[in-house]
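Results of the structural survey
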Amino acid sequence: MSTRPSICIPTYKRGKFVEAQVRSVIELFLKRDDVEVELVVVNNMSPDDTKKRLEKFSHPNFKLINRTQHYDTAEENMIRSLEFLRGDYVWFLGDDDPIKPNAVDRVLSILQTRNYSCIIFNSSTISPEGHLIDMRPMPMHGPQVSGPIDEIIEMIGLINTFAGISNIIQLKSRLDAERGLEWMRTSKIYSHVAWFVEAHRGERTAFVNLPLVYYRQNDYSDGHWDRVAERLGVQSLFFWSLGITRLVQRLVDLNCLSIRQAGQIFELASGGFRYRLIDDIVFKTYTQLLSSCRAESERELFTRDEFSEISQFVLNCDPSLYNLIELLTEAHEAIQSARGDQKGISNLLSKNSFNRSLLEDISKNLSEKFLQSYASSQKEGQFVGRCIGVIFGYCIYRMPQSFVAIKESETSIRDKALSFVDPIADKDLVYIGESYEDLVDQLIMRLERQNESTPNLNPISGEAGAATFASLDPSIVTQLQDAVAVFKRQAQENENLHVAAATRLSAIYDSTSWRLTGPIRAISRSIKGKG
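Residues numbered from 1 in each chain as written. Predicted model: local features only at pLDDT ≥ 70, side-chain atom pairs only at ≥ 80, totals over all residues. Heavy atoms only, no water.

Notes on the overall build of the chain
Looking only at helices and strands, one finds 21 helices and 17 strands in the chain. Taken across its 531 residues, the chain has 49% of its residues classed as buried. In the chain, of all internal contacts separated by at least 6 residues, the share reaching a separation of at least 24 is 74%. Taken as a whole, the chain presents about 25300 Å² of accessible surface, with 50% of it coming from carbon and sulfur. (Helix = DSSP H or I, 4+ residues; strand = E, 2+ residues; numbered from the N terminus. Buried < 20%, exposed > 50% of the residue type's maximum accessible area, 1.4 Å probe, protein only. Contact = heavy atoms within 4.5 Å. Areas by Shrake-Rupley, 256 points an atom, 1.4 Å probe, with all protein chains shown as cover.)

Here it is in C-alpha cells:
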C-alpha cells in the first residue's frame, strides 16, 4: 500500500519565507508522479502580506487555510492544524527551514516501508541569516539507529531535538489534537515536544543520519522570551526551569520515560557538545533566583510549591545533586524572607516591602557558592550518571542500546566516544558490548591475550617457555636463571624461619605483577653490575 504524506506549514508573519517554502515543496514533492503528497499551509492571521503571497499558488494537492482566529503560540496553531490533514504521515515543516533536495528520494523511500511510527532526521543547522553552522549537528557514525522512542530520547535528547518540528515525520494516526491541547495546559512552550513523545510511546522510532532540511536557528536577542513570559504571567525562565520540569515529570508519570531516563537526557548544543537536561534545569533555576533578587515584579519569584516541584524532580533523577539543591533551597527561603513573603504568598509583595541590601547579599553569596560547585558537577554529569563501575582499568558506561568500556586514563577518548549517538570500538581504548556480561567477557579475553604475549617467568620454579626468552641474549638468560635460584633459596630460608612470612612472600612471587616485572628487574641488575 502506497504511503501518502501530508506536509503542513503553520505560519505567522513570515510572508517571504513561506512563499519560498511553498514553491520548493511544490517542485520537490507535488510535481512527482510516483507519490501523492499533500501540502497544507495554515496562516495564523498574519498581519503582513502572507495571504496575498500564497493565494497565487495553484495545485490540486495544495490547500491554504487562512484562520479567522489568531492563536497565541506557534504550538497551538500547529496542534490545531492537524484537523486539515488527510495523509498517513504528517510532516510539520517550519516556514523558514529550506528543504535539502538530495534528501527527498531517501525520505520517501523510508516512508514507504512504514517501519516506523516516528522518524527524526539529523538536519543541518543555519544561522538566522542563512549561513551554514553545522552540516551534521548530532555526532553519529552509522546511517541510523532505531528503537522505542524513550531509548531514542536517551540517545539524541528531548527539548532541542523535538522542538525543531521540521526534523520530524510521524504517523498521523498516533496524534490526537485534544491531547496536544492538554499538554499546553502544562506548559504552552515546548508542549508539542511532550505531545509527540506521548503519541509514540512504546512505538518504534528511527533517528536517521541524514539532513532533511537546513534548520534555521532563531534570534531571540531582542527579548522575545521575556515578552512571552510576561504575557503568560510566568517567570522569565519558566519555560526552561519549572515548565520543562513539569513536562518531563508528566512524561514519567505517563510511563513515556522512566525517572532514570529522565536523568540521562543529554541535549545538543552547538559544536556537538552535549549537556544533561537536569543540570540545565538546575542552572536555569539558579539564574531565576538571581533574577528574583533584582526584579521589582512579584512574577519572578518561585512560590514554595513551585520550587519544591523542581527540587524534588531533580533529586529523584539524580540524588547526587543534593548539595546544589540545598544551596538553592537556602537561597530561595532567604529571598522569600527578604521580600517579606515568608509564606510564599507573592501577592503580598510591593516595591517597598523587601530589603534591597539583603537581597544583594543573598545574590552575591549564592553566586560564589553555587558556580564553583555547579561547574564541577555539570562537567562530569554525563560520565558519572552513566558510569556503572570500573573493571580491569576500564570505566563501564551504560548507554541506551549498549554498554561501553573506555580505558580509565583516556579522558579525551571518553569525551569524544560518549558524545556520539552510536559509539564504536577503538582498538584497546574502547569496547562495545550488547550487555554488561558481553563487555566483561571481552575485557577478560583481552587480559588473556595480553598475558599470552607477555614474557612469563616464574621465580619459584625457574621454568620459562622457549618462546619467552628466544629474543633475549643468552648471557641475560643465564643471569635471570641465577636470580631465580637466589629467589628459591631465599624462599626456602624464610619458610624454615617463619611459615607465615614465607607464605606471604610466595604470594608476592606468584602475583601477575611480580611475574611480569621479573625480567625487567634482573636486566636492571645486570646493567648496574656492568656499569
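From this point, the narrative continues.
Observations regarding unusual backbone geometry
Although it is not a glycine, Met45 sits at a positive phi angle of roughly 55°. Here Met45 lies in the loop between β2 (38-43) and α2 (50-54). Given the relative accessible area of 39%, Met45 is considered partly exposed. Non-glycine residue Phe392 carries a positive phi angle of around 50°. Structurally, the position occupied by Phe392 is in the loop between β14 (387-391) and β15 (394-398).

Description of the sheet that holds strand β16 (residues 403-407)
Strand order in the open sheet formed by four strands is β14-β15-β16-β17, with antiparallel pairing between adjacent strands. Every other strand in the sheet has two partners, leaving β14 and β17 (430-433) as the edge strands with one partner each. Between one strand and the next, the sheet's axes are offset by a mean angle of 20°, whatever the strand orientation. Strand direction decides the pairing type here: β15 and β16, joined by five bridges, are antiparallel. Bridging across to β16, Tyr394 finds its partner in Lys407. (Pairing = 2+ DSSP bridges. Axes fitted to C-alpha atoms, helices over the stretch in contact; angles between N-to-C directions.)

A short note on the sheet that holds strand β11 (residues 214-216)
Across the sheet, three strands lie side by side as β7-β6-β11; this open sheet has mixed pairing. Edge positions in the sheet fall to β7 (132-134) and β11, since each of these pairs with one other strand and no more. Ignoring which end each strand starts from, the neighbouring axes of this sheet average 40° apart. With three bridges connecting them, strand β6 (residues 124-126) and β11 associate as parallel partners. Residue pairing across strands places Ile126 opposite Arg216, the latter belonging to β11.

Some remarks on the packing of aromatic side chains
All told, the structure shown has 16 aromatic pairs when counted by the stated rule. Aromatic side chains Phe283 and Tyr374 sit 5.2 Å apart centroid to centroid with 35° between the ring planes, which places their arrangement in the tilted category. One end of the pair, Phe283, is in helix α12 (residues 277-294); the other, Tyr374, is in helix α15 (residues 356-386), and 91 residues separate them in sequence. Aromatic ring contacts, followed pair by pair, group Tyr220, Trp225, Phe238, Phe239 and Trp240 into a single cluster. The ring of Trp183 has Arg250 sitting right over it, with the charged end atom 4.2 Å from the ring centre. (Phe/Tyr/Trp six-rings, centres within 6.5 Å; stacked < 30°, edge-to-face > 60°. Lys NZ or Arg CZ within 6 Å of the ring centre and 35° of its normal.)

Overview of the pattern of salt bridges
Close approach of charged atoms allows side chains with opposite charge to pair. Tallied over the full model, the rule gives 27 salt bridges. Residues Asp95 and Arg14 are paired through a salt bridge, measuring 2.9 Å at the closest nitrogen-oxygen approach. Note that Asp95 is positioned in the loop between β4 (89-92) and α4 (104-113) and Arg14 in the loop between β1 (5-11) and α1 (15-30), a separation of 81 residues in sequence. Between Arg227 and Asp222 there is a salt bridge, with the nearest N and O atoms lying 3.4 Å from each other. Judged by its relative accessible area of 43%, Arg227 is partly exposed. Using a relative accessible area of 49% as the deciding quantity, one classes Asp222 as partly exposed. Each member of the salt-bridge network shares a partner with another, and the members are Glu19, Arg23, Asp49, Arg53 and Lys56. (Salt bridge = Lys/Arg side-chain N within 4 Å of Asp/Glu carboxyl O.)

Concerning helix α17 (residues 436-452)
If you check α17, its first and last C-alpha atoms are 25 Å apart, about what 17 residues at 1.5 Å a residue would give, namely 24 Å. Those residues of α17 that fall on the buried side of the exposure criterion are Leu439, Val440, Leu443 and Arg446. For α17, the angular spread of the buried residues around the axis is 115°, confining them to a single face. Across from the buried face of α17, at angles greater than 90 degrees, the exposed residues are Glu437 and Glu452. (Expected span 1.5 Å × (residues − 1). Arc of directions from axis to C-beta.)

Notes on the packing of α12 against helix α13 (residues 304-317)
At their nearest, the axes of α12 and α13 sit 10 Å apart, and the two run at 155° to each other. Compared by their axis directions, α12 and α13 come out roughly antiparallel. As for the relative orientation of α12 and α13, their crossing is left-handed in sense. Facing α12, whose interface residues are Ile278, Ile281, Val282, Thr285 and Leu289, α13 presents Phe307, Ile310, Phe313, Val314 and Cys317. Per-class residue counts for the contact of α12 with α13 are nine nonpolar, one polar and no charged. (Parallel < 35°, antiparallel > 145°, perpendicular 65-115°, else oblique. Left-handed = near helix turned anticlockwise from the far one by under 90°. Nonpolar A, V, L, I, M, F, W, Y, C, P; charged D, E, K, R; others polar.)

Observations regarding the nonpolar core
By size, the foremost hydrophobic cluster in this structure holds 87 residues, and its most contacted members are Phe92, Leu158 and Phe162. Ranked by the residues each element gives to this core, the list is headed by α12, at eight residues. Sequence-distant contacts of Phe162, defined by excluding residues within four places in its chain, comprise Ile120, Ile149, Ile153, Gly157, Ile168, His192, Val193, Phe196 and Val197. In terms of nonpolar packing, the next biggest core, distinct from the first, is built from 35 residues, Val25, Phe29, Ala103 and Val208 among them. (Core = buried A, V, L, I, M, F, W, Y, C linked by side-chain atoms within 4.5 Å.)

Purely geometric numbers; function is a separate question.
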